[in-house]
Every structure is written in structure tokens, then in C-alpha cells.
Amino acid sequence: MSDDKQQENTWNYLNENLTQWVMESKSHSMEGNVASYIPELANAPKDILGICIMDSQGQTALSGDHDFRFTLQSISKVFTLILALMDRGEEVVFSKVGMEPTGDDFNSMLKLELVEPGIPFNPLINAGAIAISSLIAGNSPAEQTDRMLHFFRDIADNSTLDINLDVHQSESDTAHRNRSLAYFLKDNGVLDQQVDDVLEVYFSHCSVEATCTDLARMALVLAHNGVDPIRKKQIIPRRFVQIAKTFMFTCGMYNASGEFAMNVGLPAKSGVSGGILSMVPGRYGIGVVGPALNRKGNSTAGVHLLGTLSQKFDWSLF
Ligand code: GLN
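Residues numbered from 1 in each chain as written. Predicted model: local features only at pLDDT ≥ 70, side-chain atom pairs only at ≥ 80, totals over all residues. Heavy atoms only, no water.

### Re the site of the ligand
Defined as follows: The criterion for a residue being near a molecule or strand is simple. One of its heavy atoms has to lie within 4 Å of it. The definition of a polar contact used here is a pair of N or O atoms within 3.5 Å, where within protein one atom must be able to donate a hydrogen and the other to accept one, and adjacent residues in sequence count solely through side-chain atom pairs. Each residue gets one label: Ala, Val, Leu, Ile, Met, Phe, Trp, Tyr, Cys and Pro are nonpolar, Asp, Glu, Lys and Arg are charged, and the others, such as Gly, are polar.
The local shell around the ligand consists of Tyr 37, Gln 73, Ser 74, Phe 106, Asn 126, Glu 171, Asn 178, Tyr 202, Cys 206, Tyr 254, Gly 271 and Val 272. Residue Ser 74 places a side-chain N or O atom 2.7 Å away from an oxygen atom belonging to the ligand. Between the ligand and the protein, one listed contact pairs an oxygen atom with a backbone N or O atom of Val 272 at 2.8 Å. In terms of residue class, the shell around the ligand is made up of 6 nonpolar, 5 polar and 1 charged.

If you want it as C-alpha cells, here you go:
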């Protein structure tokens, strides 16, 4: 069978069965809880699950609550990392953050004090992403936020992508832990700007609102090593996508990244809104949302659904 024919068969099989797999995974939302430490996120319904899978021509397989709107939260950290790499280069970025998983919760400050030098272990934990926010080019938080938003819109090919101001306010009002992390970083010499200015940029990128289709579209660019296969243009240098995908593998699902690599075997990044961005390299961009989270902060139903898909199509890279 030709490669094209095989791909067409896979796509048809996917479309025929996706809704069934979504229904099966949806029951797993009952095992989790919607994040409430950011009060605005607690409004999300617990039992929804949606997915969008996009192929390189932009065809979509959609199922469940795929049009549910949610904020990117930690998923945004992948793209701010890429932007910081594009703005400052590898040397500067890796003078501020390390390259290793922590095994701790995403908002832990434990290792900042315990391990020398006191820089965050990686750019995907909160401390690391706060350090990365400070590196986005611009002379003020407003300029940096503007740059971030334009970059996100370009990758998502969606000029309407915007910040959810209610979530932004809610994050800011309750960011006691993130403020502590940022002051710690400031004291350790990691942040050049004022803490409040850096956090303003951080809250803004976490509060960008999207759908599964936006996630899938953004993931598609990563799946093709920085080239948008639809507009046929290079948006991100290959090396920086390589760095981002490596972090997604090792730290993208926090301290459940090993388990996720074992059961799903794809690069992925989750957020506390219940979103997961993942991809089948060279083929599909994937966006999933299921707001009920497990103890480690990942969508219970979303992780289950990606596990099912990976098994059915033998997507694991290992
Ligand atoms: N904005 C969230 C926070 O700072 C992001 C965390 C997450 O999605 N895991 O706590």
C-alpha cells in the first residue's frame, strides 16, 4: 500500500472511532479535580473532554467539547521559551535556567535553595518560566506582552487569540506562591527587572485563551520542526523546536513526565486549565482539554485519551 493510502486509512479509522474513545476516556474526569488555587479556573465544568487532531494539510479530526475555551496556563511556557531563545539565544537562556527535570511539584521552590547555583532546574516549572518571561524582548511589561501575543497569534495562525482578563486578574490576586518564587529568583540574581514587572508578563502568557484547535495548530508547527506546513514558512528555527520538544519530553507533564513517556511516548505539555498540547512528530498537531486534574496537575481524562490514541496507532517514539 502506498504511504498516502496508508495515511488516508489511518485518518479514516481515527475519525470513525474518535468519539467512542473520547466517551471512554471522559469517565476518567471523575478521578480528578478542577484547579481552584486560581479561583477563576474553578468555574470550568469537571466532566468535559475535547480534542482536535490536525494533519499537515490542516484537516481536523474533532470530538467531544472541542470548542470549549480555556487558558493556556503552563502550555504557554513552551512558546515563551522559544521566544526567549529567539530573542536572546541559547547562552543567555541557559545562564538563567537549567536543563533537568526536578521530580518536584510545578510550583515548588525547594531546589532553588538546596542546589547551587540557585537557578530554576528547567524552563517549564513555574520558577523557570518566570525567569524566561523576563527574557522576552521589550522595554516594558506591555511591550513584552505585546511581543508574546503577536508570536502566539502567528504560531496559532489566529489573529484573535487574546488574554482572558478575568483569569489574569484572578491569577494576579492569588499568586502568593509565584510571588515568593519570583522574589527568591530576584534575590538569587536571576531576574534583572522588578518582580512585579516580570510577573505581569508571566500572568499574561498563562492567561491567553484558546481552544483545542488553536493548540493543535500550534503543535503542528512544532511537529514539523518549526515550519508551518500549511502556510509553508519557517516560523521557528529548528534548533529551538528541538530544545522545546526535548523539555516537553522530560518535563512537560511535570513529575509525571516519566510515566507519560512510558504510556504515551509523545512530546507534550499540560496546563492547570486541563489543556494538553501534544504532537505526532512529522504528522499531527494535537490539542486536548479536560479540566479535571490529577494530583500532579495533569488532565486525568486527557492523559487517558492520549494513552488510548498512542496505543491504537502505535505513536510512541520508543
Ligand atoms: N499560571 C499557573 C501558575 O502559575 C500555571 C501553572 C500550570 O499550568 N501548571 O500556577
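Next comes the rest of the account.
### Comments concerning the sheet that holds strand 6 (residues 208-210)
What counts is decided by this rule: In this analysis, strands are considered paired if DSSP registers two or more bridges between them. A run of H or I in DSSP becomes a helix once it reaches four residues, and a run of E becomes a strand once it reaches two; helices and strands are each numbered from the N terminus.
Read across the open sheet, the 3 strands follow the order 4-6-5; overall the sheet is antiparallel. At either margin of the open sheet sits one strand with a lone partner, and together these are strand 4 (70-71) and strand 5 (162-163). Judged from the 2 bridges that link them, strand 5 and strand 6 form a sheet pairing that is antiparallel. In the strand pairing of strand 6, Asp 162 is matched with Glu 209.

### Focus: the nonpolar core
Heads up, the condition is: Grouping buried Ala, Val, Leu, Ile, Met, Phe, Trp, Tyr and Cys residues that are joined through side-chain atoms within 4.5 Å yields what is termed a nonpolar core. Here's how the labels work: a residue is buried when its accessible area is under 20% of the maximum for its type, exposed when over 50%, partly exposed in between, all with a 1.4 Å probe on protein chains only. Whether two residues touch is decided by their heavy atoms; if any such pair falls within 4.5 Å, the residues are in contact.
With 69 residues, the main nonpolar core has Phe 79, Val 93, Phe 152, Leu 222, Ile 236 and Leu 277 as its most contacted residues. Excluding its chain neighbours within four sequence positions, the residues that come into contact with Leu 277 are Ile 75, Phe 79, Leu 215, Met 218, Ala 219, Leu 222, Met 248, Pro 267, Ala 268, Lys 269 and Ile 286. Within the second largest apolar cluster, 25 residues are counted, among which are Leu 49, Val 264, Ile 276 and Ile 286.

### So, the pairing of strand 10 (residues 275-280)
The element strand 10 is extensively covered by neighbouring structure, given that 6 of its 6 residues are classed as buried. Where burial is concerned, the two faces of strand 10 agree: the one with Gly 275, Leu 277 and Met 279 and the one with Ile 276, Ser 278 and Val 280 are both buried. Bridging between strand 9 (residues 268-270) and strand 10 involves 3 bridges; their strand directions are antiparallel. Counterpart to Ser 270 in the pairing with strand 10 is Ile 276. With antiparallel pairing between neighbouring strands as the criterion, strand 9 and strand 10 make up a hairpin whose turn holds 4 residues, including Gly 274 at a positive phi of roughly 100°. Bridge count between strand 10 and strand 11 (residues 284-289): 6 bridges; the pairing is antiparallel. Each residue of the ladder has a partner; that of Val 280, found in strand 11, is Tyr 284. In this antiparallel pair of consecutive strands, strand 10 and strand 11, the connection spans 3 residues, and Gly 282 shows a positive phi of 80°.

### As for the sheet that holds strand 2 (residues 50-54)
Rules: Each axis is a line fitted through C-alpha atoms, taken for helices only over the stretch in contact, and angles between the N-to-C directions span 0 to 180 degrees.
Judged by pairing direction, the sheet is antiparallel, and its 5 strands sit side by side in the order 3-2-11-10-9 without closing on themselves. Since the sheet does not close on itself, it has two edges, and those belong to strand 3 (60-64) and strand 9, each with one partner. Between one strand and the next, the sheet's axes are offset by a mean angle of 10°, whatever the strand orientation. With 5 bridges connecting them, strand 2 and strand 11 associate as antiparallel partners. Counted as the bridge partner of Ile 53 is Ile 286 from strand 11. Sitting on the sheet, helix 12 (residues 300-313) touches strand 2, strand 10 and strand 11, and the angle it makes with strand 10 is about 15°.

### Quick look at the UniProt feature "binding site: substrate" (unreviewed entry) in the protein chain
Keep this limit in mind: UniProt positions are given in the numbering used here, feature names are shortened, and annotations may be inferred rather than shown by experiment. Using a grid of 1 Å spacing that covers the protein atoms alone, one calls a set of points a cavity when a 1.4 Å probe fits there but cannot get out, and a pocket when the set is open and has protein on both sides within 12 Å along at least five of seven lines; lining residues are those with an atom within 4 Å of a point.
UniProt annotation of "binding site: substrate" (unreviewed entry) refers to Ser 74, Asn 126, Glu 171, Asn 178, Tyr 202, Tyr 254 and Val 272 when read in the numbering used here. Within the annotated group just given, the residues that line the second largest cavity are Ser 74, Asn 126, Glu 171, Asn 178, Tyr 202 and Val 272. Of the residues examined, Glu 171 reaches a relative accessible area of 4% and is grouped as buried. Beyond its immediate chain neighbours, meaning those up to four positions away, Glu 171 contacts Ile 38, Gln 73, Phe 203, Cys 206 and Ser 207. Its location among the elements puts Tyr 254 in the loop between helix 10 (238-251) and helix 11 (257-263). A relative accessible area of 6% places Tyr 254 in the buried class.

### Brief notes about the packing of aromatic side chains
Defined as follows: To pair, rings of Phe, Tyr and Trp, with the six-membered ring standing in for Trp, must have centres within 6.5 Å; the planes then decide the type, stacked if under 30 degrees apart, edge-to-face if over 60, and tilted in the middle.
Going through the model one piece at a time under the given rule, you end up with 12 aromatic pairs. A ring pair is formed by Trp 11 and Tyr 284, whose centres lie 5.6 Å apart and whose planes are at 35°; its orientation type is tilted. One end of the pair, Trp 11, is in helix 1 (residues 3-26); the other, Tyr 284, is in strand 11, and 273 residues separate them in sequence. Taking 6.4 Å as the distance between ring centres and 45° as the angle between the ring planes, the aromatic pair formed by Tyr 37 and Phe 106 counts as tilted. Of this pair, Tyr 37 sits in the loop between strand 1 (33-34) and strand 2 while Phe 106 sits in the loop between helix 2 (76-96) and helix 3 (110-114), placing them 69 residues apart in sequence. Take Phe 106: its relative accessible area is 11%, and that puts it in the buried class.

### Comments concerning the packing of helix 2 against helix 5 (residues 141-156)
This is how the line gets drawn: For classification, angles of less than 35 degrees are called roughly parallel, those exceeding 145 degrees roughly antiparallel, those between 65 and 115 degrees roughly perpendicular, and all remaining angles oblique. By definition, turning the near helix anticlockwise from the far helix through less than a right angle yields a left-handed crossing, and turning it clockwise yields a right-handed one.
Their axes nearest at 11 Å, the elements helix 2 and helix 5 cross at an angle of 110°. Taken together, helix 2 and helix 5 sit at an angle that is classed as roughly perpendicular. Crossing of helix 2 over helix 5 shows right-handed handedness. Across the interface between the two elements, Ser 76, Phe 79, Thr 80, Ile 82, Leu 83, Met 86 and Asp 87 of helix 2 pack against Arg 147, Met 148, Phe 151, Phe 152 and Ile 155 of helix 5. Classifying every residue of the contact of helix 2 with helix 5 by side-chain character gives 8 nonpolar, 2 polar and 2 charged.

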